[in-house]
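# Breakdown of the fold
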Amino acid sequence: MKMTNSGNREQGAEHVAAQVVTAIAPAQLTLAEVRAKLEGKSGRRYWKNLDELAETPGFHEMLEREFPRQASEWVDAVSRRGFLKVMGASLALAGLAGCTKQPDEPIFPYVKAPEDLILGKPMYFASAFPFPTGAIPVLVKSDAFRPIKVDGNPDHPMSKGKSDAYTQATLLDLYDPDRSKEVRLRGQPSEWADFQQAFSTAAKKMNGGEGIYFLSETITSPTLAAQWRQVQAKYPQAKMVQWEPVNRDSAMAASKAVFGSYMDAQYKLENADVILSLDADFLGGIAQPGFLPMATAYAKRHRYEAGSAMNRMYAVETMATVTGMKAEHRLALKPSDLAQFAALLAGGGEAIAGSAIGQPAQSFAAAVLKDMQASAGRCVVVPGEQAPPVVHMAAHALNEQFGAVGNTVVYTETVNPMPSEQVADLKVLVSDMNAGKVQWLVMLGVNPLYSAPADLEFEAAFNKVPNTVHLGSHVDETGAASVWHINRAHYLESWSDARAYDGTISIIQPMIAPMYGGHSSHEMLQTLLDDPQVSAFDAVQANAKTYIKDADFATAWRRALHDGWVEGTAFTAATAKSLPSAGPMKGNNAEISVQQGGVEVVFKPDPSLYDGRFANVGWLQELPKQITNLSWDNAALMSLATAEGLGVNQSDAVEIEVEGRKLVAGALVVPGHAEGSVTVHLGLGRRAEAGRVGAGVGFNAYYLRPSDAPYAAGGRLTKTDGIYDLCVTKVDTIEHRGAFAQQDLSDKEFDTQGTYSLPGHEAMERAIIRYATLAEVKANPNFAHENEGDVPGALINKVGYGPEGEKPAHDSSFFPDAWGYNHKDVSSQTVQNKWGMAIDLNSCVGCNACIVSCYAENNIPVVGREQVKIGRNMQWIRIDTYFEGDLHAPRAHFQPMLCQHCENAGCEQVCPVGATVHTPEGLNTMVYNRCVGTRYCQNNCVYKVRRFNFLLYSDFDTESLKFMRNPDVTVRSRGVMEKCTYCVQRIEAAKIEADKNNRPVRDGDIVTACQQACPTDAIVFGNINDPKSKVAARKATERDYQVLADLNYRPRTTYTAGVINPNPELA
Amino acid sequence: MAQVFDRSSNALARASLVLTGLIVIVLGVTLDQLQRSPWVTRQGQRADQPVPFSHKHHVQGLGLQCQYCHTTVEVSSYAGIPPTKTCINCHSQIWTNAALLQPVRDSWATGQSIQWIKIHDLPDFVYFNHEIHVNKGIGCASCHGRVDEMPLMYMQNSLQMEWCLNCHRNPAANLRPTGQIYNMAWQGPSTDKPVWCAPTGKGGATAQSVDCTTKDPAGGNPELAMLQTAVKSTAVSDVDPGAGLAMPEQYRKFTSQMDLGSYLTAQYHIRPPNELTSCETCHR
């Protein structure tokens, strides 16, 4: 764990001086200041982080300096010398490079070229990414048989081409240089055949396999289940335990209790007018089953479009999530209250005796129930995977009561062919291990030494097992301690099959031969069967005959591989089962004993890293987490009031104690977090075995986690000495601001409405975020532009806003068609292309999928924690989160911000070497070769979307990463500026194809990487000159607006103002 | 005290002023010439290849078509370097014992690639694309020179950016009918050798949009029928002589390359120079 325990600024500075790149001591936020400032302030106001709300001196200092956190680098003697040294070397190299010739480049042609391969043209293959909540169907872009991009499979009936951050990032997971490369026996290199021999021989000696225990990750593969049944037939005493640290036990337990058997719920949000989320983060990522169809359907119904009624969402949750922030009405409750609230709803809103539910929650419940009653049959309650079973049972009862079953929710058999309650099974396994019953413990893709509940003392039990086998992609915590370690093949390297959320089976086919000769779970189970040499391919194909019913199997098999899914395998809705009548439900599993003065400690999978399996994926580590914008860290997340009650300030080190186990973490205040509780994210704090990226980042919350209360436990929080300098990316966007805005801060008399926070000031006064309620937009469809003219209250009267308002006139130019983008082709009379993008703020749910997709498509480097801390992260697209309103119950707005490709771009005008220029089609291009790194362009960019390679961030050396690069995009070196290109490589490829055929580029030929990944279709790209294009249609709507339009940069990216549909009763 | 500097120093000082200027100019000119020189560009140099492959022998002597080896030139950014299999197609039958071909046989036997040295080697930040050039009327010889007359392969042109831009600023100077792409000996029309062209009236790919002939269509040219091409195909060479016999009528006679070039620029919808010279055309 990284911990700055000094708490002493001098000491900290000394430590810092030794580095080339320095970090400044964290700005200490005093919550009392925030509180004082907030007194008496009301109205719609926005803010991005708490420092600015408090107006701390440190914050002002940062505003006034151009690159606040880098400034000290130049005055510090040591680092200046270091800089000169580095610069000297690079100048010498630059001089040399000018005098040398290009080295001879060899060509290695094929000996026999593969059939169908056209070098230079990518190929696409369908497959699926197996994930415990259901496989994600993918279409993999393959360049000369190297997978270089993973995207959703557009032909799949469930996902329809959408994808998410994890799925996108599996590409880097494949090429992770720290992957395990060999079979190991007690740490020494060994052979797969030796393992097979040892295991199968030992198994035969055991009485019916007694003593063989498999500990597997959640199974979604029908073939693996079939293989297990074969193993069981041969060794009836062998046992299979499925367990993952983040599992679906609550849903399974509730379904068993309600239906008598394990069932999955599938939600049909396209039919829902009213959605109630009970701690379900179904817009956050695939950690919630059904994320892709649910997010798509939610966004489709949430758009304000003619002919479709807008949905309305209520969210009750503990930790602020993107789902809660997208909800029209959100109630923050700590876990124990949340369970009682669910019971309250199921009981028809009658307060239960002895319940701690307060009046605001009761009136919330009454309003929700009334709304659901009014839209019976068109409403749905979605329980969260980490909510206790009682919440799931309440959701089932409510869905039954309001006629949701069959309309907005259907119950089906489970995606997991062998459903179970995993923690209970693990407990039995541990007691068997302790009792010495376990001779062989074969772990398939799990890492229990890192992630098992701490109170089970798994490691002690593990050490009592004579033969431990670990199948894993890395020699991780468990792999290093196991007798045998088998290197696992990545899903992009192996054959398998898996069920998606809707039950559809996809065949997983390898995209590349196993790079390190890895093995899969199929081969592990096959080892015990009669013919251990049967490959995963044979096993999958043999089992596929059970679900591919076609008479012509060979053709149907090929079609399944081509399409990426097997027709007719989707689940059908189960016939209605008897449900318990809705009545007061006692929380049997939700009792959380909190001692006097204690808090409820909530455990959630990390929004970026899930349960820790992605810890060594740099793209995900660096990804700013949803809501908190934490990167390379986790923290004790709590509300302002809770922090205040404990006397804790932001970035203070706090000690969290659960059942006597203690851990130190940094405190981070999250707007909208439930009071009386603290959330910690699982999946960080990996040990050195995790790899070069994941090792030692954050703290391991599994250490606190009890097996009986895996998602919320009573605990205690105390302030300790020291500060933990958390890595939050938000502050990097405040590098500098215009003089107007600073004036507004220093001269309060201009500020008549209390919008004193700077980005908040800009979000509102400069109308960066625009939205209206449904009633408002009906009354005034042009609300996004109502303040543009010279009218009272108009934007031009606000401080910092350009005197010409939204549509300033063009400067006069010598060139007659200087601003024209309407040239016609002389022979065909077709108008030229004019590229543009439109982003719908109503649809954007802030899930981060676009950022990871951009990483993969554009060869964006990972810079590391220290660099992110000083604002040097390289993501070309970021999601700006603007909070609004009450600090305790805020609303949030997500705004993807990327290069706006301004027609009148400030960056182009200040570049001394013409390295950033405008193309005739209106792209703002970066010419890396010309760039000399003055960073003037970055200075002059009002959207703060340019990224500079301060150091050599791109990895030019690691062999495995070279395979991953997109060959159509330059890998940038040190000293050059870069930024979003609108995926110019895709534009050029589409243009070449169109030009060859003498036709215009059609709408939809060009899909940018962010647009492709977006599960909610928030991003649309195309030719604005084509009136039939989607982007032109979006830009023609009244709600379309430009950010900072008054500056006359004329951005090509525009935003569609949001519309929300609040319940008047709760407004 | 005696004067430190003699009167002759004045002359020296003046001379050194002039000399300094001269040195700067000479240095500038030298460096400028140096970076354009074959020493830097490798223009005209014959690299030391594992097999002394003769394009002259195979193209001019044997009449092999370019695409027999460079198979993907019309459909991909890479023209394609032939796999060993392509060599072995013939050389398993002829010259099976030639010492020069030992590396080819070794490659075939061991499965290891023949390691050639790249002659036309653009910098890595240039994204050149063969298919669009070939499909829009730029012949092989326009860039690669008379490959059919090269016993050993070398680079005819500098492939420097100024050379690329020369054409991108004025593509008409080098455009030829797509039927003549692989014609190494093609020369633009002149008064002695005019070219007649007519639009086919069909849409679709560039290759099918214009008919050109070097024989007067009015004079009952028997080859003309063979030049009619089908619309359905998008590749230059996928000519189906049996299809599309509709005879275009509007033949125009061209006697200079610039006339033909500007005609083809319009017919082939070549993008205007400002788009062709835009940075993102070649750099990403």
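Residues numbered from 1 in each chain as written. Chains lettered and ligands numbered in written order. Predicted model: local features only at pLDDT ≥ 70, side-chain atom pairs only at ≥ 80, totals over all residues.

### Focus: the overall build of chain B
The criterion, for reference: Secondary structure elements are defined from DSSP: runs of H or I of at least 4 residues count as helices, runs of E of at least 2 residues count as strands, and each element is numbered from the N terminus. Comment: burial labels come from other C-beta atoms within 10 Å of the residue's own C-beta, placed from the backbone, where a count of 20 or more is buried, 12 or fewer is exposed, and between is partly exposed. Note on contacts: residues are paired as contacts if their backbone-placed C-beta atoms lie within 7 Å.
In terms of helices and strands, chain B carries 12 helices and four strands. Residues classed as buried in chain B amount to 28% of the 284 residues present. Of the contacts formed within chain B by residues at least 6 apart in sequence, a portion of 67% connects residues at least 24 apart.

### Section: the confidence of the model for chain A
Heads up, the rule is: What pLDDT conveys is the predictor's confidence in a given residue, as a value from 0 to 100.
On average, residues of chain A score 83 in pLDDT, and 82% of them are at 70 or above. Confidence drops under pLDDT 50 across residues 62-98 of chain A; counting only partners more than four residues distant or on other chains, this segment forms 29 contacts.

### Thoughts on the interface of chain A and chain B
Just so we agree on the cut-off: Each residue is assigned to one class: nonpolar for Ala, Val, Leu, Ile, Met, Phe, Trp, Tyr, Cys and Pro, charged for Asp, Glu, Lys and Arg, and polar for all the others, Gly among them. Two strands are said to pair when DSSP picks up at least two bridges between them.
With 40 residues of chain A in contact, the opposing surface of chain B contributes 45 residues. For the side of chain A that touches chain B, the secondary-structure elements that each account for two or more residues are β2 (106-107) and α33 (984-996) of chain A. Of all the elements, α33(A) adds the most residues to the side of chain A that touches chain B, at six residues. Per-class residue counts for the side of chain A that touches chain B are 18 nonpolar, 12 polar and 10 charged. Across two bridges, β2(A) lies against strand β1 (residues 116-117) of chain B in antiparallel orientation. Bridge pairing links Ile107(A) to Trp116(B) in β1(B).

### A word on the packing of helix α13 (residues 335-346) of chain A against helix α14 (residues 359-374) of chain A
Residue and element names in this part refer to chain A. Selection rule: For helices, the axis comes from a line fit to the C-alpha atoms of the stretch in contact; other axes are also lines fit to C-alpha atoms, and the angle between any two N-to-C directions lies between 0 and 180 degrees. Any angle that is under 35 degrees is reported as roughly parallel, and any over 145 degrees as roughly antiparallel; angles of 65 to 115 degrees are reported as roughly perpendicular and all others as oblique. The handedness criterion is simple: a crossing whose near helix is rotated anticlockwise from the far helix by less than a right angle is left-handed, and one whose near helix is rotated clockwise is right-handed.
Where α13 contacts α14, the two axes come as close as 10 Å, and the packing angle between them is 45°. Compared by their axis directions, α13 and α14 come out oblique. The crossing of α13 and α14 is right-handed. On α14, the residues that touch Phe341, Leu344 and Leu345 of α13 are Ala361, Ala365, Val368 and Leu369. A class-by-class count of the residues in the contact of α13 with α14 yields seven nonpolar, no polar and no charged.

### What to know about the sheet that holds strand β25 (residues 677-682) of chain A
All names here are of chain A. Reading around the barrel, the six strands line up as β21-β25-β22-β24-β23-β26 and close back on themselves, with mixed pairing between neighbours. Between one strand axis and the next, the sheet turns by 45° as a mean value, whatever way the strands run. Here strand β23 (residues 652-658) pairs with strand β26 (residues 712-723) via five bridges, running antiparallel. Bridge pairing in β26 links glutamate 655 to threonine 718.

### Some thoughts on the environment of Gly666(A)
Residue and element names in this part refer to chain A. Tracing the chain through its elements places glycine 666 in strand β24 (residues 661-669). Here glycine 666 falls in the buried class, since 27 other C-beta atoms lie within 10 Å of it. Along the backbone, glycine 666 and glycine 698 are 32 residues apart, and their C-alpha atoms lie at a distance of 9.3 Å. Sequence-distant contacts of glycine 666, that is, excluding residues within four places in its chain, are made with Ala635, Ala636, Ser651, Ala653, Tyr724 and Leu726.

### Here we look at helix α28 (residues 849-857) of chain A
Residues and elements named next belong to chain A. In terms of burial, α28 is a largely internal element, nine of the nine residues being buried. For α28, every residue scored as buried is listed here: Ala849, Cys850, Ile851, Val852, Ser853, Cys854, Tyr855, Ala856 and Glu857. Against β5 (146-152), α7 (165-174), α23 (618-622), β30 (891-897), α34 (1009-1013) and β35 (1019-1023) lie the buried residues of α28. Positive phi appears at asparagine 859, one or two residues downstream of α28, with a value of about 50°.

### As for the pairing of strand β12 (residues 312-317) of chain A
Residue and element names in this part refer to chain A. Keep this limit in mind: When the strands point away from the viewer and the path from the first strand over the helix to the second turns clockwise, the crossover is right-handed.
With six of six residues buried, β12 is to be regarded as a mostly interior element. Of the two faces of β12, the one holding Arg312, Tyr314 and Val316 and the one holding Met313, Ala315 and Glu317 are both buried throughout. Across five bridges, strand β11 (residues 274-278) lies against β12 in parallel orientation. Residue pairing across strands places leucine 278 opposite valine 316, the latter belonging to β12. Crossover handedness for the path β11 to helix α11 (residues 291-302) to β12: right-handed. Bridge count for β12 against strand β13 (residues 329-332) is four bridges, and the pairing is parallel. From the neighbouring strand, alanine 315 faces β13, where its bridge partner is arginine 330.

### Things to note about the nonpolar core
Under the convention used in this document: We call a set of buried Ala, Val, Leu, Ile, Met, Phe, Trp, Tyr and Cys residues a nonpolar core when their C-beta atoms link them within 7 Å.
Residues Leu278(A), Ala342(A), Ala394(A), Ala636(A) and Ile656(A) are the most contacted members of the largest nonpolar core, which totals 280 residues. Of all the elements, α13(A) adds the most residues to this core, at eight residues. Leu175(B), Val210(B), Phe254(B) and Tyr263(B) belong to the second largest nonpolar core, which has 13 residues in total.

### Remarks on the domain arrangement of chain A
The accessible area lost on association of the parts is a frequent measure of interface size. Residue and element names in this part refer to chain A. Under the convention used in this document: These domain limits were set by an automatic method or by a database of domain assignments.
Domain annotation for chain A reports domain 1 (183-247 + 418-563), domain 2 (249-412) and domain 3 (599-728). Computed from C-alpha atoms alone, the centre-to-centre distance between domain 1 and domain 3 is 31 Å. Residue-level contacts link 17 residues of domain 1 with 20 residues of domain 3. Residue contributions to the side of domain 1 that touches domain 3 peak at three residues, all from helix α19 (residues 477-481).

### Observations concerning the domain arrangement of chain B
Residues and elements named next belong to chain B. Taken domain by domain, chain B consists of domain 1 (55-173) and domain 2 (185-269). Listed per partner, the contact involves 12 residues of domain 1 and 13 residues of domain 2. Its residues assigned to classes, the side of domain 1 that touches domain 2 shows six nonpolar, four polar and two charged.

### Points about unusual backbone geometry
All names here are of chain A. Unusually for a residue other than glycine, tryptophan 632 sits at a positive phi of about 55°. As for its position among the elements, tryptophan 632 is in the loop between α23 and β22 (636-638). The phi dihedral of lysine 944 falls on the positive side, at around 55°, and the residue is not glycine. By the element assignment, lysine 944 lies in the loop between α31 (936-940) and β33 (947-948).

### Observations regarding the environment of Ala489(A)
Residue and element names in this part refer to chain A. Looking at the element boundaries, alanine 489 is found in the loop between β18 (484-487) and β19 (496-499). Here alanine 489 falls in the buried class, since 27 other C-beta atoms lie within 10 Å of it. Linking alanine 489 and glutamate 921, residues 432 residues apart in sequence, is a C-alpha distance of 45 Å.

### What about the confidence of the model for chain B?
Residues and elements named next belong to chain B. Across chain B, the average pLDDT comes to 85, with 88% of residues at 70 or higher. A low-confidence stretch, residues 225-234 stays under pLDDT 50, and its non-local contacts, those more than four residues away or across chains, total 26 contacts. Long-range and interchain partners of residues 238-246, a stretch whose pLDDT sits below 50, account for 13 contacts in this model, where long-range means more than four residues apart. Under the prediction, the complex receives an ipTM of 0.87, its pTM being 0.87.

### What to know about the sheet that holds strand β3 (residues 210-213) of chain B
All names here are of chain B. Strand order in the open sheet formed by three strands is β3-β2-β4, and the pairing between neighbours is antiparallel. Whereas interior strands pair on both sides, the edge strands pair on one side only; in this sheet they are β3 and β4 (252-254). Between one strand axis and the next, the sheet turns through 25° on average, direction left out of account. Sitting on the sheet, helix α11 (residues 257-267) touches β2 (195-199), β3 and β4, and the angle it makes with β4 is about 135°.

### Digging into the packing of α13(A) against helix α15 (residues 389-401) of chain A
Angle between the axes and distance between the axes: these two values describe a pair of packed helices. All names here are of chain A. At a minimum axis distance of 9 Å, the contact between α13 and α15 shows a crossing angle of 20°. Relative to α15, the element α13 is oriented roughly parallel. In this structure, the crossing between α13 and α15 has a hand that is left-handed. From α13, Leu338, Ala339, Ala342, Ala343, Leu345 and Ala346 reach across to α15, where they touch Val390, Val391, Ala394, Ala397 and Leu398. Classifying every residue of the contact of α13 with α15 by side-chain character gives 11 nonpolar, no polar and no charged.

### Looking at the pairing of strand β4 (residues 136-143) of chain A
Residues and elements named next belong to chain A. A large share of β4 lies buried, amounting to six of its eight residues. Note that strand β3 (residues 123-129) and β4 share seven bridges and pair antiparallel. For phenylalanine 129, the partnering residue across the bridge sits in β4 and is isoleucine 136. Between β3 and β4, which pair antiparallel in sequence order, lie six residues; one of them, glycine 134, sits at a positive phi of approximately 120°. Summarising the sheet, β4 and β5 pair through six bridges and their orientation is antiparallel. Paired with lysine 141 across the two strands is lysine 149, which belongs to β5. Taking the residues between adjacent antiparallel strands as the criterion, β4 and β5 are bridged by two residues, where alanine 144 takes a positive phi near 50°.

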